[in-house]
Amino acid sequence: MGVRGLQGFVARACPGACQTVDLREMAEKHRIDHPGCPAVIVVDAMSCVSRWYTPEFWVCGGQWREYLAILEDFINAFKAAGIKLVFYFDGVVEETKRDEWIKRRMKNTQETARLFQYIKNYRQQPGKEMFVLPSALPTFTRYALKSLGQKTVCTLQEADFEVAAYGLQNNCIGILGQDSDYLIYDTCPYLSIENLRLDRLVTVMYSREVLCRVLGISLTHLPLFACLLGNDIVPESMLEGFWNKCLINSPPRISSRNGRTNILMSVANYISKIPCSYSSLKRLEEILPLGSDKTLLCRGVNSYLLPGQRSPWIPPNEINCQTLSLQQQSALCQDKEIFQLAKEQHIQSENYSIFNILCHGEIDCSNSLEDDYDTEIPGQALIYRPARQHIYSILLESGKGGTCPLVKEWFVYFGNPLKQPDLIQPVQPSVPGGTPNLKTLWLAKGPDVEKQRYSTFLACFHLQDEMEELQALEAPVAGFCCLVAYLMMQVSSLSLEDLNAFLALILCLKGKSAAQLTGLQLAQVESRAVHLGAVLIRGLTTLLMANSACGFPFRMDDLMPWGVFDGKLFQEKYQKAHQGCSVEELLEGNESLYTPFQNLKSFICKVCMAKNRTIHSRPRGNGFNTGREQRDFNPRFQQQPHRSHIVSPYHNQMREFTQRHLQSQGGGSGHPHERKYHLPPQ
């Protein structure tokens with residue numbers, strides 16, 4: 001989160017702190033000063049993804065091949081200058097930051113509703129002022145960078161701390177990002193991604209020393225300064241009275257029209273006059289209305305101390321520097337070998353969501369581009385929940401007997417107020433011969449184990465009987481077919497036209513380059529296809545999680561969106577399918593695709609028929625939704641039952657799930673934190 005207003009203050013009031021630097025020159029100087037040591041920049045990737053995603057189209061689900069090419073160009077520009085990049089991604093939402101995470105999710109939900117209203121009104125993508133990231137972009141950026149040969153780290157705690165620690169400990173030439181916390185940490189130089197000119201490798205470097213000179217404080221004051229302005233640990237709401245006192249008793253030397261600037265200068269003026277000591281900090285804790293937790297200020301200052309650092313504000317015996325290790329004693333998984341392997345894979349960005357489940361029994365998922373007004377397509381969080389329940393069972397080995405722990409889900413979906421996590425019961429998948437344990441799936445070798453991994457993966461999506469036919473397909477096509485078959489079984493409103501669009505997409509995408517996809521033009525954008533595109537992308541992350549849990553029966557690269565999805569191409573196929581275009585036109589006249597198309601379609605229809613699901617034709621013509629497919633937006637969960645178009649065997653179970661959720665939200669009995677959702681196996 002950083003310190004609100006500090007970045008703008010530096011740009012506005014401290015021009016001397018914003019120094020234009022040439023990264024090539026910095027790298028060359030580093031090589032001269034440190035012979036044999038490479039010039040390294042550590043990248044806060046989460047603050048960069050919105051700058052990296054520059055394809056013209058963003059609303060259709062993602063232009064993934066274009067994006068991959070952009071990332072490759074970014075890497076090559078630094079490589080040509082002899083600069084190595086190390087990318088860090090947030091691997092966890094810390095408990096202290098959950099409230100802020102929820103607040104952002106609720107704001108994103110409102111933005112998404114406005115976005116869909118625009119698309120329905122104008123049938124076009126809105127302008128950049130309404131830009132939102134394609135669903136799951138940070139997740140797939142991790143794997144994209146890894147596939148391009150880059151060192152990619154997924155953190156065990158808040159990313160900014162690990163980024164600052166890595167920069168300091170590895171003598172990096174800078175941190176590339178856009179987070180004012182890097183002005184507070186005593187670490188290597190802070191470089192701006194927002195001001196980066198990639199063609200010239202020139203950007204702005206923010207000087208902590210000049211900032212301190214303008215504020216009239218020392219570097220030692222910065223952690224306390226940040227805490228007294230409000231950060232992730234000390235809420236701003238507790239500090240407003242203190243700010244008012246500072247404005248009266250320690251006013252800035254020169255008053256500004258900007259109220260936040262006056263607060264920053266007054267707080268700096270106040271702390272410049274007090275001794276740098278622990279006793280001063282304790283007196284501040286008594287003055288501030290910190291509620292029941294009088295250690296907030298101490299913890300806040302502590303959070304900026306990197307390994308090996310000391311502060312006059314905190315005595316040595318009180319310093320509790322954050323560590324990068326986690327205690328296994330508190331983890332759900334008590335097998336040391338499995339725990340350690342999951343942790344290593346997490347850090348190296350090799351698995352997806354597994355470590356957080358094994359460690360904390362918790363998982364979260366941000367907003368997706370889903371239309372909350374569409375009554376026919378359930379939220380992706382609910383569509384994929386049965387699959388996740390099977391994954392949880394595999395990870396937590398619920399078949400061993402005894403009480404299996406519930407998994408806490410923080411998922412954004414229509415009607416979920418996110419006041420507490422959903423508590424989800426793991427459900428054993430129907431694996432032929434029984435579910436193997438994690439040691440077998442992760443550590444054992446041999447053809448029999450490979451077969452077990454594959455069949456366990458398929459069982460997560462209720463496809464365990466289709467192993468032979470799926471294994472005969474190319475791996476990316478097989479993975480995509482698993483996803484499409486699961487979707488067609490779960491969502492009763494999906495039609496033959498939707499199925500035709502899905503299959504035409506995967507088959508026609510194979511031969512297209514990033515440049516060809518960039519040149520693809522869309523006359524209009526259909527809102528339902530935008531929603532389905534987001535559901536498909538979130539489905540791919542579910543495949544990644546199942547693949548990680550089952551010991552990687554697929555290569556992770558085979559499940560990436562740039563191999564199976566393109567937003568504009570899907571829009572084109574969707575619109576043509578619903579306009580009644582022939583298969584020949586849908587497949588762009590490529591006769592070699594006709595037989596694969598019919599085979600895949602027959603396979604998915606057969607799988608659905610075996611589950612009593614008949615896929616009907618339902619062309620939508622010009623794509624407009626009818627009145628009965630709309631609803632008045634109401635953020636209360638009471639609307640949710642109308643969304644549960646989940647077919648047998650989960651239709652009734654999902655309805656029961658909704659009713660139980662309704663009870664927990666309103667007049668039902670039981671404490672809300674004791675909610676237990678259990679969808680029985682088929």
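Once a new chain begins, its residue numbering starts again from 1 and follows that chain's sequence as written. Residues qualify for local features only when their pLDDT is at least 70, as the model is predicted, and side-chain atom pairs are given and counted only at 80 or more; totals for whole chains, interfaces and linings, by contrast, use all residues. Only hydrogens and water are set aside; all other atoms, that is, all heavy atoms of the structure, feed into the side-chain values.

For the chain, an unreviewed UniProt entry supplies the name Constitutive coactivator of peroxisome proliferator-activated receptor gamma and the organism Serinus canaria. UniProt positions are given in the numbering used here, feature names are shortened, and annotations may be inferred rather than shown by experiment. Recorded in UniProt under Subunit (unreviewed entry), the annotation for the chain is "Interacts with ESR1 and RXRA. Interacts with PPARG; in a ligand-independent manner."

> Even after reading the chapter, I still don't get the nonpolar core, so can you show me in this structure?
It is characteristic of soluble globular proteins that their nonpolar side chains tend to be buried jointly. By convention a nonpolar core is built from buried Ala, Val, Leu, Ile, Met, Phe, Trp, Tyr and Cys residues, the set being connected through side-chain atoms within 4.5 Å. Between buried and exposed lies partly exposed: a residue is buried under 20% and exposed over 50% of the maximum accessible area for its type, with that area taken using a 1.4 Å probe on protein chains only. Of all hydrophobic cores here, the largest spans 150 residues; its most connected members are Leu23, Ile41, Trp52, Phe78, Leu358 and Phe570. Residue contributions to this core peak at 13 residues, all from helix H24 (residues 527-549). Within the second largest apolar cluster, 64 residues are counted, among which are Tyr166, Val267, Leu290 and Leu306. Secondary structure elements follow DSSP: runs of H or I of four or more residues count as helices, runs of E of two or more count as strands, with numbering from the N terminus.

> Would you take a moment to explain the sheet that holds strand E10 (residues 422-424) for this structure?
Picture the strands of a sheet paired through backbone hydrogen bonds; they go either parallel or antiparallel. When DSSP finds at least two bridges between two strands, those strands are taken to pair. Pairing is mixed in the open sheet, where three strands are placed in the order E8-E9-E10. Each edge of the open sheet is held by one strand with a lone partner, namely strand E8 (362-365) and E10. Each adjacent strand pair in this sheet contributes to an overall mean axis angle of 30 degrees, direction not counted. Contacts between residues were defined by any pair of non-hydrogen atoms, one from each residue, lying within 4.5 Å. The angle between two axes is taken between their N-to-C directions and runs from 0 to 180 degrees, where each axis is a line fitted to C-alpha atoms and a helix contributes only its stretch in contact. Contacting E8, strand E9 (407-411) and E10, helix H17 (residues 385-396) crosses the sheet at an angle of about 145 degrees to E9.

> How do you make sense of the environment of Tyr486 when you look at a structure like this?
For Tyr486, the location among the structural elements is in helix H21 (residues 475-490). Measuring from C-alpha to C-alpha, the distance between Tyr486 and Ile604 comes to 9.1 Å, with 118 residues separating the pair along the chain. Dropping the residues within four chain positions of it, Tyr486 is found in contact with Ile383, Tyr384, Pro386, Ala387, Cys460, Phe461 and His462. A polar contact is formed between the side chain of Tyr486 and the backbone nitrogen of Ala387, at a distance of 3.4 Å. We call two N or O atoms a polar contact when they sit within 3.5 Å, provided that within protein one can donate a hydrogen and the other can accept it, with sequence-adjacent residues counted only if both atoms are side-chain atoms.

> Just checking my understanding: could you explain empty space enclosed by the protein for this structure?
Take a probe with the size of a water molecule and roll it over the atoms, and the empty space left behind shows itself. Space inside and on the surface of the protein is sampled on a 1 Å grid over the protein atoms alone, with a cavity defined as a set of points where a 1.4 Å probe fits but cannot get out and a pocket as an open set with protein on both sides within 12 Å along at least 5 of 7 lines; lining residues have an atom within 4 Å of a point. Grid points are joined across faces, edges and corners, and a volume is the space filled by probe spheres set on the points. The full count for this structure, using the stated rule, is four cavities of 30 Å³ or more. Taken as a whole, the largest cavity encloses approximately 100 Å³ of empty space. Around the largest cavity, the lining comprises 13 residues; the ones closest to its centre are Tyr352, Cys365, Phe411, Thr541 and Thr542. Residue assignment for the lining of the largest cavity shows that the elements contributing at least two residues are E8 and H24. When residues are grouped by polarity, Ala, Val, Leu, Ile, Met, Phe, Trp, Tyr, Cys and Pro land in nonpolar, Asp, Glu, Lys and Arg in charged, and all others, Gly among them, in polar. When its residues are assigned to classes, the lining of the largest cavity shows six nonpolar, four polar and three charged. Taken as a whole, the second largest cavity encloses approximately 90 Å³ of empty space. Along the walls of the second largest cavity sit Thr109, Thr112, Asn367, Ser368, Glu370, Asp372, Val412, Tyr413 and Phe414, which together make up its complete lining. Of the residues in the lining of the second largest cavity, the class split is three nonpolar, four polar and two charged.

> What's the story with the packing of H17 against helix H19 (residues 447-460) in this structure? I'm lost.
Between two packed helices, what matters for the description is the angle formed by their axes and the separation of those axes. One way to put it is that H17 packs onto H19 with a least axis distance of 8 Å and a crossing angle of 140 degrees. Comparing their axes, H19 and H17 come out oblique. Residues Ala387, His390, Ile391 and Ile394 of H17 lie in contact with H19, whose contacting residues are Thr456, Ala459 and Cys460. Just so you know how the angles are binned, under 35 degrees is roughly parallel, over 145 roughly antiparallel, 65 to 115 roughly perpendicular, and the rest oblique.

> How should I be thinking about the pattern of salt bridges in this particular structure?
Opposite charge on two side chains makes pairing possible when the charged atoms of those side chains draw close. The salt bridge criterion pairs a side-chain nitrogen of Lys or Arg with a carboxyl oxygen of Asp or Glu, the two atoms within 4 Å. Within this structure, the stated rule accounts for 32 salt bridges. Across the salt bridge formed by Lys97 and Asp232, the nearest N and O atoms sit 2.6 Å from each other. Of this pair, Lys97 sits in the loop between strand E3 (83-89) and helix H5 (98-122) while Asp232 sits in the loop between helix H9 (222-229) and helix H10 (240-249), and the two are 135 residues apart along the sequence. Asp232 shares its class with Lys97; the two are buried. A salt bridge links Arg388 to Glu409, with the nearest nitrogen and oxygen atoms 2.8 Å apart. Placement of the pair is Arg388 in helix H17 and Glu409 in strand E9, with a sequence separation of 21 residues. Summarising the burial analysis for this pair, Arg388 and Glu409 share the class buried.

> Teacher, can you tell me more about the sheet that holds strand E5 (residues 174-177) here?
Pairing is mixed across the open sheet formed by seven strands, whose spatial order is E1-E7-E6-E5-E2-E3-E4. Each edge of the sheet is formed by a strand with only one pairing partner; in this case those strands are strand E1 (18-22) and strand E4 (151-154). Adjacent strand axes in the sheet meet at a mean angle of 35 degrees, parallel and antiparallel pairs treated alike. Bridge count between strand E2 (residues 39-44) and E3: six bridges; the pairing is parallel. Across the sheet, the residue bridging to Val40 is Lys84, located in E3.

> I would appreciate a short explanation of the environment of Gly174 in the present structure.
Looking at the secondary structure, you find Gly174 in strand E5. With relative accessibility at 0%, the residue Gly174 sits in the buried group. Distance from Gly174 to Thr187, taken between C-alpha atoms, is 8.7 Å for residues 13 residues apart in sequence. Contact partners of Gly174, with chain neighbours within four places excluded, come to Val40, Ile41, Val42, Cys188, Pro189 and Leu191.

> What should I look at first to understand the confidence of the model for the chain in this one?
For the chain, the mean per-residue pLDDT works out to 89, and 89% of the residues sit at or above 70. Throughout residues 623-682 the model reports pLDDT below 50, and contacts reaching past four residues in sequence, or to other chains, amount to 140 contacts. What pLDDT conveys is the predictor's confidence in a given residue, as a value from 0 to 100.

> Honestly, the state of the cysteines in this entry has me stumped. Any pointers?
Two cysteines whose sulfur atoms are joined by a covalent bond form what is called a disulfide. Whenever a pair of cysteine sulfur atoms sits within 2.5 Å, that pair is classed as a disulfide. One pass over the full model with this rule turns up zero disulfides. Not part of a disulfide, Cys188 finds its nearest cysteine sulfur in Cys172, a span of 5.3 Å.

> Even after reading the chapter, I still don't get the packing of aromatic side chains, so can you show me in this structure?
Between two aromatic rings, the relevant description is the distance of the centres plus the angle of the planes. Ring geometry is summarised as follows: Phe, Tyr and Trp rings, the Trp one being its six-membered ring, pair when their centres sit within 6.5 Å, and such pairs are stacked at plane angles under 30 degrees, edge-to-face over 60 and tilted between the two. Here the structure, examined in full by the defined rule, presents 24 aromatic pairs. Measuring from ring centre to ring centre gives 6.4 Å for Tyr182 and Tyr185, while their planes differ by 35 degrees; the resulting arrangement is tilted. Here Tyr182 matches Tyr185 in class, with each residue buried. Aromatic pair Phe457 and Phe554: ring centres 5.0 Å apart, planes at 50 degrees, arrangement tilted. In this pair, Phe457 is assigned in helix H19 and Phe554 in the loop between H24 and helix H25 (561-564), connecting sequence segments 97 residues apart. Pair check on accessibility: Phe457 and Phe554 agree, each one buried. Across the ring face of Trp101, the terminal group of Arg98 is positioned such that the distance to the ring centre comes to 4.8 Å. For the cation-ring pair, Arg260 lies above Trp243, with the distance from its terminal atom to the ring centre recorded as 5.0 Å. Distance and angle both matter: a charge sits over a ring if NZ of Lys or CZ of Arg is within 6 Å of the ring centre and within 35 degrees of the ring normal.

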